[in-house]
Amino acid sequence: MSVEPGEKHGIFIDVEVSPEARADAELAKRLEEACPVDIFAAGDAGVEIVRANLDECVLCELCLDAAPAGAVRVVKLYDGGAALERHSR
Ligand code: SF4
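Novice: Help me understand helix α2 (residues 25–34), please; the structure alone is not making it clear to me.
Specialist: In an α-helix there are 3.6 residues to a turn, and that puts residues three or four apart on one side. L27, A28, L31 and A34 are the residues of α2 that are buried. For α2, the buried positions fall inside an angular range of 130° around the axis, keeping them on one side. Residues of α2 that are buried make contact with α1 (19–22), β2 (40–43), β3 (46–49), α3 (62–66) and β4 (72–76). For α2, the N-terminal capping position is held by D24, with its side-chain oxygen 3.0 Å away from the main-chain nitrogen of E26.

Novice: In this structure, what is going on with the sheet that holds β4? I would like to understand it.
Specialist: Within a sheet, adjacent strands bond to each other through the backbone by hydrogen bonds, running parallel or antiparallel. The strand order across the open sheet formed by three strands is β1-β4-β5, and the pairing between neighbours is antiparallel. In the strand order of this sheet, the two ends are held by β1 (13–17) and β5 (82–83), each with one partner. For β1 and β4, the ladder comprises five bridges, and the chain directions are antiparallel. Directly across from E16, in β4, lies its bridge partner R73.

Novice: Got a minute to help me understand the environment of R30 in this structure?
Specialist: Structurally, R30 can be placed in helix α2. Given a relative accessible area of 41%, R30 falls into the partly exposed group. Here the alpha-carbon distance between R30 and C63, two residues 33 residues apart in the chain, equals 8.3 Å.

Novice: Just checking my understanding: could you explain the site of the ligand for this structure?
Specialist: By nearness alone, every residue bordering the ligand is listed as C35, P36, V37, I39, F40, C57, V58, L59, C60, E61, C63 and L84. A molecule is said to occupy a pocket when more than half its atoms come within 2 Å of that pocket's grid points, and by this definition the ligand occupies the largest cavity. Considered class by class, the residues forming the shell around the ligand number 11 nonpolar, no polar and one charged.

Novice: Explain the pairing of β3 here, please?
Specialist: Taken residue by residue, a regular strand's side chains alternate between the two faces of the sheet. Across four bridges, the pairing between β2 and β3 is antiparallel. Looking at the pairing, G43 lines up with G46 of β3.

Novice: Teacher, can you tell me more about empty space enclosed by the protein here?
Specialist: Sizing a probe to match a water molecule and rolling it over the atoms shows the empty space that remains. All told, the structure shown has one cavity of 30 Å³ or more when counted by the stated rule. As a volume, the largest cavity reaches approximately 100 Å³. Around the largest cavity, the lining comprises 14 residues; the ones closest to its centre are C35, C57, C60, C63 and V74. Of the residues belonging to the lining of the largest cavity, the class tally is 13 nonpolar, no polar and one charged.

Novice: Help me understand the pattern of salt bridges in this model?
Specialist: Considering all chains together, one arrives at four salt bridges under this definition. D14 is the partner of R51 in a salt bridge, and the nearest nitrogen-oxygen pair spans 3.2 Å. Here D14 lies in strand β1 and R51 lies in the loop between β3 and α3, a separation of 37 residues in the sequence. A salt bridge links D65 to R86; the shortest N-O distance between them is 3.1 Å. Of the two residues, D65 is situated in helix α3 and R86 in the segment after β5; the sequence distance between them amounts to 21 residues. The partly exposed category is assigned to R86, whose relative accessible area is 36%.

Conventions adopted
- Residues numbered from 1 in each chain as written.
- Predicted model: local features only at pLDDT ≥ 70, side-chain atom pairs only at ≥ 80, totals over all residues.
- Heavy atoms only, no water.
- Buried < 20%, exposed > 50% of the residue type's maximum accessible area, 1.4 Å probe, protein only.
- Helix = DSSP H or I, 4+ residues; strand = E, 2+ residues; numbered from the N terminus.
- Arc of directions from axis to C-beta.
- Contact = heavy atoms within 4.5 Å.
- Polar contact = N/O pair within 3.5 Å; in protein donor to acceptor, adjacent residues only side chain to side chain.
- Pairing = 2+ DSSP bridges.
- Near = heavy atom within 4 Å.
- 1 Å grid on protein atoms, 1.4 Å probe; cavity = no way out; pocket = protein on both sides within 12 Å on 5 of 7 lines; lining within 4 Å.
- Sits in = over half its atoms within 2 Å of the grid points.
- Nonpolar A, V, L, I, M, F, W, Y, C, P; charged D, E, K, R; others polar.
- Points joined across faces, edges and corners; volume = space filled by probe spheres on them.
- Salt bridge = Lys/Arg side-chain N within 4 Å of Asp/Glu carboxyl O.

And the structure:
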């Protein structure tokens, strides 16, 4: 899928990473491996959010499992901004 300049991303989903977690290179690698739709990338400065992929989120909770509690929030913009909670564990 091509991405046009100025195209809006994250219409349905937003992902937030706390500032401490964002700078964690090890966590960045874990998140990059965990997310099946490549919303996270491990960059030089730590966790990067691939905004073009945000709306591909399948709410699998794997990023929540990979990160310390509260470090990553998956926000359901389509659901009034409710945060995805861990359900399966
Ligand atoms: S819930 Fe799953 S698909 Fe969505 S950002 Fe987290 S790991 Fe990626």
